[in-house]
Amino acid sequence: MSKLEKKIQHREFVQNIITRMNANSFQIKSLTITIISAFLAIYATTTKELFLIIPIPIVVLFWFLDTYYLQQERKFKGIYNDITGLNNNPITTNTYQISPNLYIGKEYNYWNAFSSKTLFPFYLLIIVFLLFSYFIIEFNVF
């Protein structure tokens, strides 16, 4: 196997990891919507307001898990950018090294991923919707 073929294969490995992280994130969002829908269906049949509050910790848990996958995806994108030469100051100097632990800082920070524009509005809107629905029903606002 030539050196060029090894570099191409290394890029493909990293691309596959990025794709898996992205797929995991999508599946977590899908599962969140499914669980919320199930609790809303249970609420619709029982009309117990508790079923509007129970999913909130579950949504927060999925938010943290989704953040982890987004953070890992960003780290592997950093690795990909380094091995393709897109970064001016590459962190990884070894061509065949895949070490996401080297990527730290603001761009790769967990809390930066937590409040990203792809996660924050999605999960926050779900939580606000559930709380708003609970308080409207519980206190007979309308």
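Structure: see above.
Now for a description of the structure that goes with this document. Because the structure is predicted, anything quoted here is derived from the model rather than measured. (Residues numbered from 1 in each chain as written. Predicted model: local features only at pLDDT ≥ 70, side-chain atom pairs only at ≥ 80, totals over all residues. Heavy atoms only, no water.)

Quick look at the overall build of the protein
Helix and strand counts for the protein come out as 5 helices and 0 strands. For the protein, the α and β elements follow one another from N to C terminus as α-α-α-α-α. Seen through its principal axes, the protein has C-alpha atoms that stretch 70 × 30 × 20 Å. Taken over 142 residues, the protein has a buried fraction of 35%. In the protein, 76% of the contacts between residues at least 6 apart in sequence involve partners at least 24 apart. Total accessible area on the protein stands at roughly 9000 Å², and carbon and sulfur atoms take up 63% of it. Distance between charge centroids for the protein: 8 Å, based on 12 positive and 8 negative side chains. (Helix = DSSP H or I, 4+ residues; strand = E, 2+ residues; numbered from the N terminus. Buried < 20%, exposed > 50% of the residue type's maximum accessible area, 1.4 Å probe, protein only. Contact = heavy atoms within 4.5 Å. Areas by Shrake-Rupley, 256 points an atom, 1.4 Å probe, with all protein chains shown as cover. Lys, Arg positive; Asp, Glu negative; His and termini not counted. Charge placed at Lys NZ, Arg CZ, Asp CG, Glu CD.)

What about the packing of helix α1 (residues 3-46) against helix α5 (residues 120-138)?
Following both chains from N to C, one finds α1 and α5 inclined at 10°, their axes separated by 11 Å at the closest point. When the interaxial angle is binned, α1 and α5 end up roughly parallel. When α1 is examined against α5, the residues I28, K29, T32, I33, I36, L40 and Y43 are found in contact with a partner set consisting of F122, Y123, I126, F129, L130 and I137. When the residues that make up the contact of α1 with α5 are grouped by side-chain class, the tally is 11 nonpolar, 1 polar and 1 charged. (Axes fitted to C-alpha atoms, helices over the stretch in contact; angles between N-to-C directions. Parallel < 35°, antiparallel > 145°, perpendicular 65-115°, else oblique. Nonpolar A, V, L, I, M, F, W, Y, C, P; charged D, E, K, R; others polar.)

Quick look at the pattern of salt bridges
Inspection of every chain in the model, using the stated rule, returns 2 salt bridges. Taking the shortest distance from any N to any O, the salt bridge between K77 and E73 comes out at 3.2 Å. Of this pair, K77 and E73 are both found in helix α3 (residues 55-84), 4 residues apart, which corresponds to roughly one turn of the helix. Note on K77: relative accessible area 40%, which makes it partly exposed. Among the residues examined, E73 registers a relative accessible area of 7% and is labelled buried. (Salt bridge = Lys/Arg side-chain N within 4 Å of Asp/Glu carboxyl O.)

Points about α1
Relative to the 64 Å expected for 44 residues at 1.5 Å per residue, α1 spans 65 Å between its end C-alpha atoms, a close match to the ideal helical length. Buried within α1 are the following residues: H10, V14, I17, I18, M21, S25, I28, K29, T32, I36, F39 and Y43. In this structure, the buried side of α1 is in contact with α2 (50-53), α3 and α5. Directly beyond the C-terminal end of α1, a positive phi value near 55° is found at T47. (Expected span 1.5 Å × (residues − 1).)

Section: the environment of Q97
Structurally, Q97 is set in the loop between α3 and α4 (110-114). Residue classification places Q97 among the partly exposed residues on the basis of a relative accessible area of 25%. Remark: the alpha-carbon pair of Q97 and H10, spanning 87 residues in sequence, is separated by 8.8 Å.

What to know about unusual backbone geometry
Even without being a glycine, T47 presents a positive backbone phi close to 55°. Counting through the fold element by element, T47 comes out in the loop between α1 and α2.

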